[in-house]
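Each chain, written out:
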Amino acid sequence: MSASNPRLLDGKALAKKILSELKIKIDQFQPKIGRPPGLAVLMVGDNPASAVYVRNKEKACQKVGIATMGQHFTGNATQAELEQVIAQLNQDERVDGILVQLPLPKHLDSIALLRCIDPDKDADGLHEVNLGKLVRSESGLRSCTPAGVMKILKEYDLNPAGKKAVVIGRSILVGKPVALMLLEANATVTIAHSYTSDLGAVCREADILVAAAGRPEMITRDMIKPGAIVIDVGINRVEKEGKSKLVGDVAFAEVAELASYITPVPGGIGPMTVAMLLSNTVQSYAKKAKD
Ligand code: GUN
């Protein structure tokens, strides 16, 4: 099947809907819990892309009534200092979610820091306990971008069961967890990466292609099976015709000619990541009403 008119998987619209549902949920729980949900966002250094992501996350929190306890550290913050802050946030009753914005400056050990977060406050789903639960298909906090991918597929009734899914990229943030989630949803999953030979041939097998390599417009038309569902996780800032522009890992215009469904960049998976972060925070918050 070839689709000259692919359907856009509109992450922006879906994220907006999720945010309004979260707001309702927060309003319901607040009288019982006696405080709003709280999310602590830790950012270290001044990576400009991270600064934009953090701002977007904090703005979204404000919209739904999640209190943010943002902490911005200079690029020379130490491991011990950050570990101490996380330990305090773990104890802080007002905090339901803790997020360490990645990437961190090179002198810091991000895995060790993520390990310090209380798994019940791990709004990003990157603690080894939550990743372990994903491996075991147990319920737990799921990492946000992969959860956003699965949510948008569900919204458009695109069931991965029995489909061939190819994930490009094997990061702990996206590639590995999204592959596990697609597997959990009964897809037949291949993970491709920088050592994969004949990437084009691997991609052409995909009924669902998830591009999470972080390389601008690397997925071209010749790598697409006609009718494929194409999910673009990349957010790359490039200079085009003298202007700064955001592009995904997929060459959108040419791939859209063959795909049946495709996510735009911006407006696709980016807003879904934020929505899932807030959803995880509210999930941890709502548990307090039951405790
Ligand atoms: N850097 C880019 N995306 C993300 C994300 O979803 N979470 C964190 N913590 N860092 C990121």
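For the structure, check the block above.
Residues numbered from 1 in each chain as written. Predicted model: local features only at pLDDT ≥ 70, side-chain atom pairs only at ≥ 80, totals over all residues. Heavy atoms only, no water.

Asker: Please explain the nonpolar core as it appears in this structure.
Answerer: As a rule of thumb, soluble globular proteins bury nonpolar side chains together. Counting 50 residues, the largest nonpolar core has L182, I231 and L278 as its most contacted members. Per-element tally for this core: the top contributor is helix α10 (residues 269–290), with 8 residues. Once residues lying within four places of it in the same chain are set aside, the contact partners of I231 are L9, V149, I152, L153, L209, V210, A211, T263 and I269. (Core = buried A, V, L, I, M, F, W, Y, C linked by side-chain atoms within 4.5 Å. Buried < 20%, exposed > 50% of the residue type's maximum accessible area, 1.4 Å probe, protein only. Helix = DSSP H or I, 4+ residues; strand = E, 2+ residues; numbered from the N terminus. Contact = heavy atoms within 4.5 Å.)

Asker: Can you walk me through the pattern of salt bridges in this structure?
Answerer: Evaluated as defined, the whole model comprises 13 salt bridges. A salt bridge links K164 to E205; its shortest N-O distance comes to 3.0 Å. Taken as a pair, K164 in strand β6 (residues 164–168) and E205 in the loop between α8 (199–204) and β8 (208–211) lie far apart in primary sequence, 41 residues in all. The closest approach of N and O atoms between R221 and E257, which form a salt bridge, is 2.5 Å. Pair noted here: R221 is in the loop between β8 and β9 (229–232) and E257 is in the loop between α9 (252–256) and β12 (261–262), with a separation of 36 residues, a long-range link. Judged by its relative accessible area of 35%, R221 is partly exposed. In this structure, a network of salt bridges that share partners links the residues R35, D96 and K288. (Salt bridge = Lys/Arg side-chain N within 4 Å of Asp/Glu carboxyl O.)

Asker: I keep staring at the state of the cysteines and nothing clicks. Help me out?
Answerer: What makes a disulfide is a covalent bond joining the sulfur atoms belonging to two cysteines. One pass over the full model with this rule turns up 0 disulfides. The structure places no disulfide on C61, whose sulfur is separated from the nearest cysteine sulfur, that of C144, by 11 Å. Its relative accessible area of 0% is what places C61 among the buried residues. Note on C116: no disulfide assigned, nearest cysteine sulfur contributed by C144 at a separation of 19 Å. (Disulfide = S-S within 2.5 Å.)

Asker: I'm lost on the layout of surface pockets in this one. Help?
Answerer: Summary: where empty space remains is shown by rolling a probe the size of a single water molecule over the atoms. Of the pockets and cavities examined, the second largest pocket occupies roughly 560 Å³. Taken together, 23 residues line the second largest pocket, and the ones lying closest to its centre are A147, M150, K151, K154 and M276. Breaking the lining of the second largest pocket down by element, the ones donating at least two residues are α1 (11–33), α6 (144–155), α7 (175–184) and α10. The element best represented in the lining of the second largest pocket is α6, accounting for 5 residues. Residue composition of the lining of the second largest pocket, by class: 11 nonpolar, 6 polar and 6 charged. (1 Å grid on protein atoms, 1.4 Å probe; cavity = no way out; pocket = protein on both sides within 12 Å on 5 of 7 lines; lining within 4 Å. Points joined across faces, edges and corners; volume = space filled by probe spheres on them. Nonpolar A, V, L, I, M, F, W, Y, C, P; charged D, E, K, R; others polar.)

Asker: Which parts of the structure should I look at to understand unusual backbone geometry?
Answerer: What you tend to see is this: most non-glycine residues have negative phi, and most peptide bonds are trans. Residue L102 is joined to P103 through a cis peptide bond whose omega torsion reads 0°. Although it is not a glycine, D157 sits at a positive phi angle of roughly 55°. Within the secondary structure, D157 is located in the loop between α6 and β6. One non-glycine residue, N186, adopts positive backbone phi at about 70°. Classification of N186 by relative accessible area gives exposed; the value is 53%.

Asker: Can you walk me through a positive patch on the surface in this structure?
Answerer: On the surface, K12, K16, R55, K59 and K63 cluster together into a patch of positive charge. Broken down by secondary-structure element, the contributors of at least two residues to the positive patch are α1 and α2 (48–64). Considering every element that reaches the positive patch, the biggest residue donor is α2, with 3 residues. Along the polypeptide, R55 turns up in helix α2. (Patch = residues over 30% accessible without salt bridge, like charges linked within 9 Å, V, L, I, M, F, W, Y side chains within 5 Å. Areas by Shrake-Rupley, 256 points an atom, 1.4 Å probe, with all protein chains shown as cover. Lys, Arg positive; Asp, Glu negative; His and termini not counted. Charge placed at Lys NZ, Arg CZ, Asp CG, Glu CD.)

Asker: Looking at this structure, I do not really get the sheet that holds β9. What am I missing?
Answerer: What links the strands of a sheet is backbone hydrogen bonding, and the strands pair in either a parallel or an antiparallel sense. In space, the 6 strands of this open sheet follow the order β1-β12-β9-β8-β6-β7, with parallel pairing throughout. Because the sheet does not close on itself, it has two edges, and the strands there are β1 (7–8) and β7 (188–192). Across 2 bridges, the pairing between β1 and β12 is parallel. Residue pairing in the sheet places L8 in a bridge with I262 of β12. Packing of α7 onto the sheet brings it into contact with β6, β7 and β8, and relative to β6 it is tilted by some 170°. (Pairing = 2+ DSSP bridges. Axes fitted to C-alpha atoms, helices over the stretch in contact; angles between N-to-C directions.)

Asker: So what exactly am I meant to see when it comes to the site of the ligand here?
Answerer: Surrounding the ligand, one finds K57, V100, Q101, L102, D124, T145, L173 and T273. A distance of 2.8 Å separates a nitrogen atom of the ligand from a polar atom in the backbone of V100. One of the side-chain nitrogen or oxygen atoms of Q101 is found 3.2 Å away from a nitrogen atom of the ligand. Residues belonging to the shell around the ligand are distributed by class as follows: 3 nonpolar, 3 polar and 2 charged. (Near = heavy atom within 4 Å. Polar contact = N/O pair within 3.5 Å; in protein donor to acceptor, adjacent residues only side chain to side chain.)

Asker: What's the story with the side chain of K121 in this structure? I'm lost.
Answerer: On the secondary structure map, K121 appears in the loop between α4 (110–116) and α5 (128–135). Despite its burial, K121 pairs with no opposite charge, the nearest such side chain being D118 at 5.5 Å. From its side chain, K121 meets the backbone oxygen of N90 in a polar contact 2.9 Å long.

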